[in-house]
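Listed below, chain by chain, are the residues.
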Amino acid sequence: MGGGGDAGAQHVARADPALAEIQRNDCKSVFVVLYGKRVDVTRFQKTHPGGSKVFRIFQDRDATEQFESYHSARAIKMMEGFLKKSEDAPAATPLPSRSEMGKDFKAMIDKHRAAGLYDPCPLDELFKLTIVLAPIFAGLYLVKSGLSPLCGALLTAFGFYLDGWLAHDYLHHSVFKGSVAQTVTWNNVMGYVLGFVQGYDVGWWRARHNTHHVCTNEDGSDPDIKTAPVLVYVRGTPKIAQALNRFQRYQQYYYVPVMVILDMYWRLESLAYVAMRLPAMMPQALALGAHYAIIAWAFYGQARALLLMTLVRGFLTGIVVFATHYGEDILDAADVRGMTLVEQTAKTSRNITGGWLVNVLTGFISLQTEHHLFPMMPTGHLMTIQPDVRAFFKKHGLEYREGNLVECVKQNIKALAFEHLL
Ligand code: HEM
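Rules behind the numbers
Residues numbered from 1 in each chain as written. Predicted model: local features only at pLDDT ≥ 70, side-chain atom pairs only at ≥ 80, totals over all residues. UniProt positions renumbered as here; feature names shortened; annotations may be inferred. Helix = DSSP H or I, 4+ residues; strand = E, 2+ residues; numbered from the N terminus. Buried ≥ 20, exposed ≤ 12 C-beta atoms within 10 Å, placed from the backbone. Expected span 1.5 Å × (residues − 1). Arc of directions from axis to C-beta. Near = placed C-beta within 6 Å. Nonpolar A, V, L, I, M, F, W, Y, C, P; charged D, E, K, R; others polar. Pairing = 2+ DSSP bridges. Axes fitted to C-alpha atoms, helices over the stretch in contact; angles between N-to-C directions. Parallel < 35°, antiparallel > 145°, perpendicular 65-115°, else oblique. Contact = placed C-beta atoms within 7 Å. pLDDT = per-residue confidence, 0-100.

## Some thoughts on the UniProt feature "transmembrane region" (unreviewed entry) in the chain
Residues annotated in UniProt with the feature "transmembrane region" (unreviewed entry) correspond here to residues 280-300 and 306-327. For the annotated span residues 280-300, helix accounts for 81% and strand for 0% of the residues, and the straight-line distance between the end C-alpha atoms is 31 Å.

Set out below in structure tokens:
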């Protein structure tokens, strides 16, 4: 499963020959469209904290809504400097951010901001931190002391699983709010601490997850949907069904059990990301080494408990992650160029229903649609805005996709199933 990928210039060329011609003249330059301007980010891409890949994916494409979702006041100021030096985008460029839906969406964000729905929720965050750290410490104690290694393994697995979602919230800069230092620096510090606890490298996570957010389910660009050769989503396409090998023809049956390896796979990817960037990433390598040393110390002589912990945390993570995107539409470059962020989110995200308890137990990933629309909003406000989002979808004729966890798993199985197409 997995690995990065590039949308790049070929996608633009397929989508719009006129823009491809402009691009050919600009050769190696990279331009993104922001607020109706064609912004040259060729030099900036090397130092952009969000990485260069997002610019290649958004080459000559309107990225205004994506920009607004991820940036602090500092970044907005920087971007305004770029706008002053930029010319209007060619008339042929689709500008979804200026469509009626795009403007309506901006109005909804402004309304939420004015209503204080981007303000921090300290008690919620304290609660989330407690339900992450308490099971991890209690679990490690039970394992190390030998009191109940298997019970300890289950508690540790649950804590590590939730830790992933909590680190995710901090790294989206959705917890601390205020000055740029508070919004960016302190969220990052907590993201690094929780990333260390969980044993993932933050740089790897950012590269993977931020790309997934800005181009959700885009074929060739979103790293999260690259599940072949283990899982090949058929989605009712006879050609794909016919091309499945003998092993893949069992995929709808092994999809649920195979979820246990997702965490191990990501772990390897994270280690490889750091190893390939040595010696520059030596501090990160040492941090990962320290994490694994602690795990080895805690689980020394408890191989069964270690295996149980690894499989359970993997299963919980995999089943939740797959429930919210993988069975949904896959979009290609031509589809997305004129699409607003809300339309794209509607086609590619599914909420897990069940109310507050399910939200807590899934680290609020269950409110996937709201999270993708407002990634910097504290999770404590996501339930509050749900009715507004539903009303917005209804007004614009969009489908609000949701189902309980079993229904979401079935949705995935349906998208993998092939027999009926042969
Ligand atoms: C000239 C335009 C841009 C400027 C000046 C800019 C600047 C920045 C800065 C300063 C950050 C660090 C976080 C912050 O201070 O908010 C950042 C992060 C990021 N940017 Fe940009 N950016 C630009 C365009 C874009 C575009 C077009 C996209 C997506 C299509 C994008 C995606 C991201 C992402 C995903 C992050 C990571 C957020 C995180 O740290 O979690 N940026 N950018």
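## Points about unusual backbone geometry
Peptide bonds are trans in most cases, and residues, glycine excluded, mostly fall at negative phi. The omega torsion of the bond from A228 to P229 falls at 10°, within 30 degrees of zero and hence cis. At the junction of L278 and P279, the peptide bond is cis and its omega measures out at 5° in the coordinates. Inspection of the secondary structure assignment puts P279 in the loop between α13 (262-275) and α14 (282-298). For Y35, which is not glycine, the phi dihedral falls at a positive 50°. Residue Y35 is classed as partly exposed on the basis of its C-beta count, with 19 C-beta atoms lying within 10 Å. At N217, a position not held by glycine, the phi torsion is positive, near 60°. By the element assignment, N217 lies in the loop between α10 (202-214) and α11 (238-243). Looking at N217, the number of C-beta atoms within 10 Å reads 22, which means it is buried.

## Side note on α13
Here α13 is 14 residues long and its end C-alpha atoms lie 20 Å apart, about the 20 Å a rise of 1.5 Å per residue gives. Of the residues making up α13, those classed as buried are L262, D263, W266, R267, S270 and V274. Along the axis of α13, the buried residues cluster in a sector spanning 135°; they form a single face. More than 90 degrees from the buried face of α13, the exposed residues found are L268 and A275.

## Considering the site of the ligand
Around the ligand, the surrounding shell holds 25 residues, and the nearest of these are G50, A63, S72, A75 and N210. Listed by contribution, the elements that provide at least two residues to the shell around the ligand are α4 (64-70), α5 (73-84) and α10. At five residues, α5 tops the list of elements feeding residues into the shell around the ligand. Tallied by class, the residues present in the shell around the ligand amount to 16 nonpolar, eight polar and one charged.

## Considerations on the pairing of strand β2 (residues 37-40)
Bridge count for strand β1 (residues 31-34) against β2 is four bridges, and the pairing is antiparallel. Bridge assignment links F31 to a residue of β2, and that residue is D40. In this antiparallel pair of consecutive strands, β1 and β2, the connection spans two residues, and Y35 shows a positive phi of 50°. Where β2 meets strand β3 (residues 87-88), two bridges bridge the pair, whose relative direction is antiparallel. If you follow R38 over to β3, its bridge partner there is E87.

## Here's the deal with the packing of α13 against helix α15 (residues 303-325)
At a minimum axis separation of 7 Å, α13 and α15 run at an interaxial angle of 95°. Considering their axes alone, α13 and α15 lie roughly perpendicular with respect to each other. Note on element contacts: α15 touches α13 through T310, R313, G314, T317, G318 and V321, opposite L262, D263 and M264. Grouping the constituent residues of the contact of α13 with α15 by class yields three nonpolar, four polar and two charged.

## Here's the deal with the confidence of the model for the chain
Per-residue pLDDT for the chain averages 92, and the proportion of residues at 70 or more is 94%. Within the chain, strand β4 (residues 351-352) carries the highest mean pLDDT (98), whereas helix α1 (residues 8-15) carries the lowest (46). Counting interchain partners and residues more than four positions distant, the pLDDT-below-50 stretch residues 1-13 has 34 contacts. Of the two predicted TM-score estimates for the complex, the pTM is 0.91 and the ipTM is 0.97.

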